[in-house]
Amino acid sequence: MHDRLTSIPSGQYVPRNSSHPPFRPRTHRSVHHMDTAPSAQPPTSTAPAVGNRRRVATAAALASAVEWYDYFVFGIAAALVLGDLYFPAGSPTAGVMASFATFAVGFLARPLGGIVAGHLGDKRGRKPMLVLALTLMGVATTGIGLLPTYDTIGVAAPILLVLLRIAQGVAVGAQWGGAMLLATEYAPEGKRGVYGSVVQLGVPIGVVTANTVFLAAGALTTDSAFAAWGWRVPFLVGLLVLGLAWYIHTRVEETPAFREAERALAEQEKSEQSSPLRTILRGHLGTVLLAGGSFAVNTATFYILITGVLDYTTRELDMEKGPVLMVSLCVSLTQLVLIPAAAALSDRIGRIRIYAFGAVGIALWAVPLFLLIDTGSLLWLAVGTFVASCFLSIMYGPQAALFAELFTPEMRYTGASLGYQIAAVAGGGLAPFVMVLLLEATGTSMAVSGYIIALSVIALISIKVLADRARAAEPEAAPEAKAEAESAG
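The rules we used
Residues numbered from 1 in each chain as written. Predicted model: local features only at pLDDT ≥ 70, side-chain atom pairs only at ≥ 80, totals over all residues. Heavy atoms only, no water. UniProt positions renumbered as here; feature names shortened; annotations may be inferred. 1 Å grid on protein atoms, 1.4 Å probe; cavity = no way out; pocket = protein on both sides within 12 Å on 5 of 7 lines; lining within 4 Å. Points joined across faces, edges and corners; volume = space filled by probe spheres on them. Helix = DSSP H or I, 4+ residues; strand = E, 2+ residues; numbered from the N terminus. Contact = heavy atoms within 4.5 Å. Phe/Tyr/Trp six-rings, centres within 6.5 Å; stacked < 30°, edge-to-face > 60°. Buried < 20%, exposed > 50% of the residue type's maximum accessible area, 1.4 Å probe, protein only.

Per an unreviewed UniProt entry, the chain carries the name Putative proline/betaine transporter and comes from Streptomyces azureus. According to the UniProt record, the Sequence similarities (unreviewed entry) comment for the chain reads "Belongs to the major facilitator superfamily. Metabolite:H+ Symporter (MHS) family (TC 2.A.1.6) family."

Quick look at the structure:
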């Protein structure tokens, strides 16, 4: 029984000037057929050169890393300083909750970025949307670093902070789909999981870099200096993203899969005004929602670990922020190995097996995780978060390829982005805020464990439905794939 979710012919592009027949899009199925050949792409003499593939993969990884760095510095600052500086009224808990609410606003804006960039990215190209996303993120992050505090400009400070956070959310919502598709649509045969994982590596790289810069800023300044200006340095570093945006604009080519889909869409638009977003909403919304449901537990647990736990351990357990940040940094470093390893394994034995194993592991570890954190021991904090991070990496590694394989090229940017960003809103954006609420309401961290377990159950149900749909479609796919192969020969 195969458990790989691929689309036919979405997993196969035919470069221009090829002897193979042109791609003919199919948009009537909500889950596309499975292909027994992982990430299959027919070898041709006009396939992208190895050097070009590597340059694109490197650019996609860097785009993801700098984008997530800019996004994560806000989460760390929200846990450490933003509550006092921009929401000073009330108790420290109220300030942190207001800060985390602002953090969550960025997630609410992410689907907007995914929708707009997805629609335009499916019609105009992956690269322009990625460049635009990077530019918007660089401007927004730098703006936060320069933003006066509440004591200086009053209520305008939190309002502007929220607006800049919304801009960050739109940018990261637009970025993921573009970077992911640049990598996966250039992937050679049988390596879509590995190529997709280079984009996923942007998350741990972003976490490591953000934590490192915050640790350096804290180490080089006094507590008063850090509160006054030291926290701004990590945001101002984000300005470097604009240089990467220019590099991608001038040096990276559009993907072959999009070029073929673009030609098909141009022909289709002559007879009907097609829209990738309309196609998704009318015929594939169920797949988008299932994709989001399958991933919400991963993003929720991730943000609980890097943001919620940072606040909980420093404010409730009286642990020092420097060592806690160091633990987060070291744990994130392990993901640099685990994510590509899980992705490579998914290329061999299937996405669903790996993905589901990670979801089960998160559910089983939710209670031990907080039992270890509650000891207040730095060692047990490291053990608890490391094991949780392993299960997150197992899910996250194949996720880019899995989502790409749910949709055909002409609607892939829209569909994959929407699924990812729905999960981000339902899981990640609300998770630190929900964690504080649960801790305040119940007085026990086991309530947070219950929250993680509930999301794990939703994930496993969603994964099973996606797998069942793909298996049901597989018998129909076989004769179609065979007929296409014969006509190509």
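That shown, we press on.
I'm lost on the layout of surface pockets in this one. Help?
A water-sized probe, rolled over the atoms, reveals where empty space remains. Here the second largest pocket is characterised by a volume of approximately 410 Å³. Forming the walls of the second largest pocket are 16 residues, and the residues nearest its centre are Ala79, Leu80, Val81, Asp84 and Thr314. Where the lining of the second largest pocket is concerned, the elements lending two or more residues are helix H1 (50-86), helix H2 (92-124), helix H8 (223-228) and helix H13 (285-316). Ranked by residues supplied to the lining of the second largest pocket, first place goes to H1 with six residues.

Just to check I follow, could you spell out the side chain of asparagine 298 for this structure?
Of note, asparagine 298 is situated in helix H13. With near-sequence residues (within four places) excluded, asparagine 298 lies in contact with Leu392, Met395 and Tyr396.

Is there a simple way to think about the packing of aromatic side chains in this case?
Where two aromatic rings form a pair, the distance of their centres and the angle of their planes describe that pair. Evaluated as defined, the whole model comprises eight aromatic pairs. Ring geometry for phenylalanine 295 and tyrosine 420: centres 5.3 Å apart, planes at 35 degrees, overall tilted. Placement of phenylalanine 295 in helix H13 and of tyrosine 420 in helix H17 (residues 409-429) is noted, with a sequence separation of 125 residues between them. Overall, the relative accessible area of 1% leaves phenylalanine 295 in the buried class. Seen in terms of ring centroids, phenylalanine 302 and tyrosine 303 are 5.1 Å apart; in terms of plane orientation they differ by 85 degrees. Their pairing is edge-to-face. Considered together, phenylalanine 302 and tyrosine 303 belong to a single accessibility category, that of buried residues. An aromatic cluster of three or more residues is present, and its members are Phe295, Tyr396, Phe403 and Tyr420.

Honestly, empty space enclosed by the protein in this entry has me stumped. Any pointers?
Counted according to the given criterion, the structure contains four cavities of 30 Å³ or more. Estimated volume of the largest cavity: approximately 190 Å³. What lines the largest cavity is a set of 17 residues, and nearest its centre among them are Leu305, Ile306, Ser328, Val331 and Thr385. Put simply, the parts of the chain that give the lining of the largest cavity at least two residues each are H13, helix H14 (321-349) and helix H16 (378-404). The biggest single contributor to the lining of the largest cavity is H14, with seven residues.

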